[in-house]
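Here is how the chains run, residue by residue.
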Amino acid sequence: QVQLVESGGGFVQPGGSLRLSCAASGSIFSIKSMAWYRQAPGQQRDLVATITPGGRTNSADSVKGRFTISRDNAKNTVYLQMNSLKPEDTAVYYCNVVAVVAAANYEYWGQGTQVTVSS
């Protein structure tokens, strides 16, 4: 069993910053990809950014230059540094992890953390 615990969401004014964290724990042999998704009310869940075990990243065009994904492999933790936040970034943010457990790949989701950007 693998658990993902997210933290760092909240309320911020436009132009502000937040840092999200997602820590994985449990019977993990190794973690492959880690990612952040977000879902605004009435919208589908969209990919925000991904990071490979080696640190290669990819991000959605809407957040390029403002959001940075990173990971600490020793802590099984992924981060999302969000700068220059805009009202349209308001959403529930979910971390996503693909982990090797008992020689098989499994996908896990965090519980979600609310990010609200408003003046």
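The structure we're discussing is the one just above.
An account of the accompanying structure is given in this report.

Using the criterion set out here, one finds one disulfide in the structure. In this model cysteine 22 forms its disulfide with cysteine 95; the gap between the sulfur atoms is 2.0 Å. Because the sign of the S-S torsion sets the handedness, a value of about 40° for the bond joining cysteine 22 and cysteine 95 places this disulfide among the right-handed ones. Of the two residues, cysteine 22 is situated in strand S3 (residues 18–26) and cysteine 95 in strand S9 (residues 91–101); the sequence distance between them amounts to 73 residues. There is no split in this pair, since cysteine 22 and cysteine 95 are both buried.

This paragraph deals with the side chain of threonine 113. Along the polypeptide, threonine 113 turns up in strand S11 (residues 113–117). Setting aside residues up to four positions removed in sequence, threonine 113 forms contacts with Glu6, Gly9, Leu20, Ala91, Val92 and Tyr93.

Here we come to the pattern of salt bridges. For the structure shown, the criterion picks out three salt bridges. A salt bridge links arginine 38 to aspartate 89, with the shortest nitrogen-to-oxygen separation between them at 2.9 Å. With arginine 38 in strand S4 (residues 30–39) and aspartate 89 in the loop between strand S8 (77–82) and S9, this pair connects stretches of sequence that are 51 residues apart. Arginine 38 gets classed as buried once you look at its relative accessible area, which sits at 15%. In this structure, the salt-bridge partner of arginine 66 is aspartate 89, at a minimum N-O distance of 2.7 Å. Of the two residues, arginine 66 is situated in the loop between strand S6 (57–59) and strand S7 (67–72) and aspartate 89 in the loop between S8 and S9; the sequence distance between them amounts to 23 residues. By sharing partners, the salt bridges in this structure join Arg38, Arg66 and Asp89 into a single network.

The antiparallel open sheet is built from four strands, whose spatial order is S1-S3-S8-S7. Each of the sheet's edge strands pairs with one partner strand only, and the pair in question is strand S1 (2–7) and S7. Between one strand axis and the next, the sheet turns by 15° as a mean value, whatever way the strands run. Pairing analysis gives six bridges linking S7 to S8, with the strands arranged antiparallel. Bridge assignment links threonine 68 to a residue of S8, and that residue is glutamine 81.

Quick look at the environment of lysine 75 now. On the secondary structure map, lysine 75 appears in the loop between S7 and S8. Judged by relative accessible area, lysine 75 falls into the exposed class, the value being 55%. Note: C-alpha distance between lysine 75 and threonine 113 (38 residues apart in sequence) is 20 Å.

Calculation criteria
Residues numbered from 1 in each chain as written. Predicted model: local features only at pLDDT ≥ 70, side-chain atom pairs only at ≥ 80, totals over all residues. Heavy atoms only, no water. Disulfide = S-S within 2.5 Å. Helix = DSSP H or I, 4+ residues; strand = E, 2+ residues; numbered from the N terminus. Buried < 20%, exposed > 50% of the residue type's maximum accessible area, 1.4 Å probe, protein only. Contact = heavy atoms within 4.5 Å. Salt bridge = Lys/Arg side-chain N within 4 Å of Asp/Glu carboxyl O. Pairing = 2+ DSSP bridges. Axes fitted to C-alpha atoms, helices over the stretch in contact; angles between N-to-C directions.

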